[in-house]
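Below, each chain spelled out in residue letters.
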Amino acid sequence: MTGGTAADLPPIRHNDYSPLDPPALGEWDPELPVSVIIPAHGGQHRLDLTLAALAAQTYPDHLMEVIVVDDGSEPPLRLPEIAPGGTRIVTTGSSGWGIAHAVNTGAALAEGRIIQRLDADMVVCREHIEALARWHHLAGYLVTIGAKKFVEEPALTAAQVHEGVRAGSLGSLFDLSGALPSSTEQTISRTDGLRASRNPYHVCTGPTVSMRREIFHAVGGVDPRVLRGEDTEFAYRLAAHGVVFVPDMAAQAVHLGLPAQRRDPQRAVRVVAPYLAHRVPLRRDLRKDRGRHWLVPYVEVVLHADGPEERVREAVGAALDGSFGDVIVTLVAPWSKLSGDRRPVLDDPLFDLRLLREHFAHDERVRFADEVSATPAPIPFRYTGPVSVPLGRDTLERMIRVMQDDRSGMLVVELGGDGEATLERTEALGRARLLGADDVAASIEATHGVRRGDRPEFWPAGSTPPVSASAPAKVPASPGATANGREAARPVVERAPGQEHRQEHRQEHRQEHRQEQPRREEKRREGKRQEGRDSLLGRLRTALRN
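Rules of the game
- Residues numbered from 1 in each chain as written.
- Predicted model: local features only at pLDDT ≥ 70, side-chain atom pairs only at ≥ 80, totals over all residues.
- Heavy atoms only, no water.
- Helix = DSSP H or I, 4+ residues; strand = E, 2+ residues; numbered from the N terminus.
- Buried < 20%, exposed > 50% of the residue type's maximum accessible area, 1.4 Å probe, protein only.
- Contact = heavy atoms within 4.5 Å.
- Areas by Shrake-Rupley, 256 points an atom, 1.4 Å probe, with all protein chains shown as cover.
- Phe/Tyr/Trp six-rings, centres within 6.5 Å; stacked < 30°, edge-to-face > 60°.
- Axes fitted to C-alpha atoms, helices over the stretch in contact; angles between N-to-C directions.
- Parallel < 35°, antiparallel > 145°, perpendicular 65-115°, else oblique.
- Left-handed = near helix turned anticlockwise from the far one by under 90°.
- Polar contact = N/O pair within 3.5 Å; in protein donor to acceptor, adjacent residues only side chain to side chain.
- Pairing = 2+ DSSP bridges.

A. Up close: the overall build of the protein chain. The helix and strand tally for the protein chain stands at 16 helices and 18 strands. Counting only residues that meet the buried cut, the protein chain has 48% of its 546 residues in that class. Across the protein chain, contacts joining residues at least 24 apart in sequence account for 75% of those joining residues at least 6 apart. Here the protein chain displays about 27300 Å² of accessible surface, and carbon together with sulfur accounts for 51% of that area.

In structure tokens, the structure reads:
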């Protein structure tokens, strides 16, 4: 085991890491140094127990360092007598505070190839570090997750913990029969060790998780702006980067004290919701507020501004006004050529390009790029299509539903003479990049699958793109029309995938109602005329009889 790349390994499909065969515990020779990062705020006694357990690990001492990050403890934390040889305490200083900031501080100082994140109130078994680190010797794009149970803290000394862990039994220290299992372990078991999980990042919580150092820094570390749920948000960005999540139940641990969700479950859920709603687009359940703009959109729409200005504006309008409102548009063109130097305004050789930029310069939903980025992460999907075929009103909705049904990594739609449109899943694109693939599409085919479709499936006959603000269409006057004869604008309502059939039925019903209305009105008028004729005839007959 060299700890190199996994180029010679068979492709891992989605999160099914079955092709990986880790060595048995105690029967291999580790090579990669590990940096254990422990964020801590107070709790000196619990920290003493955590460090005592780490001092009894089977992982070689010369390959392990421990960095305790003191996040403003009063009194300051101290290094106990029983601790691994390479242990040090650092402080976060005045540059920030919180768990995320503390973890980032430790990671910036870490010298190990592997970063192991561990809570300051965790007592781990003697093979814990070894169990998680062995996977990173197989491939460089894995995130490993340890097991944990929650226990009430017993009266133990650091010496007792050290001796018990070295003897190989957490059961001799804690009453595990009464321990509270982690809810994440239930999910792990239900999904065949996450091999069958659709969103394995859900269970990648902070207390014990490890990855290669370059992976940690590639996604930007933990977000210090997220004060609760920072581990889930971080795991979501790891997933978008293309990693594979591997839980290892041999990496046992006990968490001293019950989880916060047990003490006040409602408040614990409420405090996390706004952070994840803005940053984890896959949590559609948290984005129920209509008309909102979110920090991280669900889809990036990439359009090359290589057509006439009006056509580009129409394509942008169609993307922004579709049934799926959680979108950002990236216009790709040589924008960097547009300098602020003196130039002829009317005879500017970049006249159209400059006008196009000015048209969208103040729309936060449109951004400009000279070239397409390597990845749209953390946005989970990216659409690319020609401006000559504007998106239909529900095209994105239809495409995403198809990809979510079969978990494919790319959808390619043939558009005839207009070329093709593609929808990419960011995690599949990230996996291809991590594998160093020369042929991205072939790599995605191997790891997630590529699906192909035809234009009518996603641009069905009779459907038209929404009208762009740059090219308003005239419509017949109808009930609800404005004074200028145009139909009043209706608010765009984002619908969950799967609702389009009911919406189409309602639209057809309204159309039939409008078509039928003149006929009903004519019948009503004819009925009144007949009533009048009947009434006059009746009066004449009465007069003749008299």
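There is more to say, and it comes next.
B. Region of interest: the packing of aromatic side chains. For the structure shown, the criterion picks out 6 aromatic pairs. Their ring planes at 85 degrees and their centres at 5.8 Å tell us that Y17 and W135 sit as a pair that is edge-to-face. Taken together, the residues Y17 in the segment before β1 (34-40) and W135 in helix α3 (residues 128-136) connect sequence positions 118 residues apart. The exposure classification of Y17 matches that of W135, with both residues buried. Pairwise contacts between aromatic rings join Y298, F324 and F381 into one cluster.

C. Quick look at the packing of helix α10 (residues 309-320) against helix α11 (residues 351-360). At a minimum axis separation of 10 Å, α10 and α11 run at an interaxial angle of 25 degrees. When the axes of α10 and α11 are compared, the pair comes out roughly parallel. Note on packing geometry: the crossing formed by α10 with α11 is right-handed. Contacts between α10 and α11 involve E309, V312, R313 and V316 from the first element and L355, L356, H359 and F360 from the second.

D. The side chain of T208, seen in detail. Within the secondary structure, T208 sits in strand β9 (residues 208-212). For T208, a relative accessible area of 2% puts it in the buried group. A distance of 2.6 Å separates polar atoms of two side chains, one belonging to T208 and the other to H128. Residues in contact with T208, not counting those within four places in the same chain, are Q116, R117, L118, M122, H128, L132, T144, I145, G146 and A147.

E. Inspection of the sheet that holds strand β8 (residues 180-181) at higher detail. The strand order across the open sheet built from 4 strands is β5-β11-β7-β8, with neighbouring strands paired in mixed fashion. The two strands at the open ends of the sheet, each matched to only one other strand, are β5 (122-124) and β8. Note that strand β7 (residues 149-151) and strand β11 (residues 253-256) share 3 bridges and pair parallel. Residue pairing for β11: V151 is matched across the bridge by L256.

F. Fine view of the environment of G453. Relative to the elements of secondary structure, G453 occurs in strand β18 (residues 450-454). Among all residues touching G453, those that are not within four sequence positions of it are L411, V412, V413, E414 and F458.

G. Expanded view of unusual backbone geometry. Omega for the peptide link from E74 to P75 comes to -5 degrees, which places this bond in the cis form. Residue position: P75 is located in the loop between β2 (64-70) and β3 (87-91). In this chain, A377 is followed by P378 through a cis amide linkage whose omega measures 10 degrees. Turning to its location among the elements, P378 is positioned in the loop between β14 (366-369) and β15 (381-384). Non-glycine residue H14 carries a positive phi angle of around 50 degrees.

H. Just the sheet that holds β1, in detail. With respect to topology, 7 strands assemble into an open sheet ordered β3-β2-β1-β4-β9-β6-β10, the strand pairing being mixed. Only two strands of the sheet have a single partner each, and these edge strands are β3 and β10 (244-248). Averaged over all neighbouring strand pairs, the angle between strand axes comes to 20 degrees, with direction disregarded. With 5 bridges connecting them, strand β6 (residues 142-146) and β10 associate as parallel partners. By the bridge assignment, I145 is partnered in β10 with P247.

These figures come from the coordinates and say nothing about function on their own.
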